[in-house]
Amino acid sequence: MKIYTQRLENIEDQQNVESIELTFDRRQKSRFRATLNSGIDIGTDLPRTGILRSGSYIATEQGDILRIDAKAERVMKVSANNDFDLLKAAYHLGNRHVPLMLTPTALYFEPDHVLAEMVKGLGLTVSETDHPFEPESGAYAQHGSANHDHRLSPIKAIHGHAHH
């Protein structure tokens with residue numbers, strides 16, 4: 001089994017690099033096992049420095065390089081008749097600190113029917129679809145604060161969020 005232990009900023013030669021598609025949940029973990037399309041089992045033991053973004057590279061100590069791609073997964077897609085409604089939905093979803101992917105024409109979040117009903121109540125369309133999920137990294141990511149996680153802790157998730 002190949003063990004990938006390093007994150008690479010950028011690589012020169014991208015010709016013969018294998019790739020693997022991983023869900024958002026898997027890309028958040030620094031340690032996981034997976035099987036490449038070629039049938040090779042791999043493991044990772046990466047530095048805990050945030051999410052593996054789609055298009056990022058990891059390497060083994062022997063120099064094997066692997067490109068990480070976002071895998072299509074079941075998500076909620078929010079669409080609107082106009083940009084302002086989409087902006088309004090982004091604001092309300094952002095207030096609930098859920099991982100949110102922004103595109104010019106739609107918003108995407110992990111399946112959550114309570115949030116879907118809230119967004120529908122604002123007059124937007126919500127549908128389930130399969131789409132690669134690459135949420136915004138958040139304002140804190142640029143400040144080198146790798147330990148700051150804006151998702152709900154298990155305690156808050158059980159007792160409800162403090163500021164709705």
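All values reported here derive from a predicted model rather than from experimental measurement. (Residues numbered from 1 in each chain as written. Predicted model: local features only at pLDDT ≥ 70, side-chain atom pairs only at ≥ 80, totals over all residues. Heavy atoms only, no water.)

**Q** Sorry if this is basic, but what is going on with the sheet that holds strand β5 (residues 56-60) here?
**A** Two pairing modes exist for strands in a sheet, parallel and antiparallel, and in both the strands are linked by backbone hydrogen bonds. The six strands lie next to each other as β2-β6-β5-β1-β4-β3, forming an open sheet whose pairing is mixed. Looking at strand neighbours, the two that pair on one side only are β2 (18-22) and β3 (31-35), the edges of this open sheet. Between one strand and the next, the sheet's axes are offset by a mean angle of 35°, whatever the strand orientation. (Pairing = 2+ DSSP bridges. Helix = DSSP H or I, 4+ residues; strand = E, 2+ residues; numbered from the N terminus. Axes fitted to C-alpha atoms, helices over the stretch in contact; angles between N-to-C directions.)

**Q** Where do I start with the sheet that holds strand β8 (residues 100-102) in this structure?
**A** In spatial order, the strands read β8-β9-β7-β10; together these four strands make up an open sheet with antiparallel pairing. Only two strands of the sheet have a single neighbouring strand rather than two, namely β8 and β10 (125-132). Pairwise comparison of adjacent strand axes, ignoring direction, gives a mean angle of 35° for this sheet. Relative to β10, strand β7 (residues 72-79) runs antiparallel, the two being bridged by eight bridges. Residue pairing for β10: Arg74 is matched across the bridge by Asp130. Strands in contact with helix α2 (residues 83-94) are β7, β8 and β9 (107-109); relative to β9, the strand with the most contacts, it is inclined by about 25°. (Contact = heavy atoms within 4.5 Å.)

**Q** How do you make sense of the packing of aromatic side chains when you look at a structure like this?
**A** The description of two aromatic rings rests on the distance between their centres and on the angle between their planes. The full count for this structure, using the stated rule, is one aromatic pair. Their ring planes at 85° and their centres at 5.2 Å tell us that Phe24 and Phe133 sit as a pair that is edge-to-face. Pair noted here: Phe24 is in helix α1 (residues 24-27) and Phe133 is in the loop between β10 and α4 (154-159), with a separation of 109 residues, a long-range link. Of the residues examined, Phe24 reaches a relative accessible area of 2% and is grouped as buried. A relative accessible area of 0% places Phe133 in the buried class. (Phe/Tyr/Trp six-rings, centres within 6.5 Å; stacked < 30°, edge-to-face > 60°. Buried < 20%, exposed > 50% of the residue type's maximum accessible area, 1.4 Å probe, protein only.)

Scope: geometric values only; no functional claims are made or implied.
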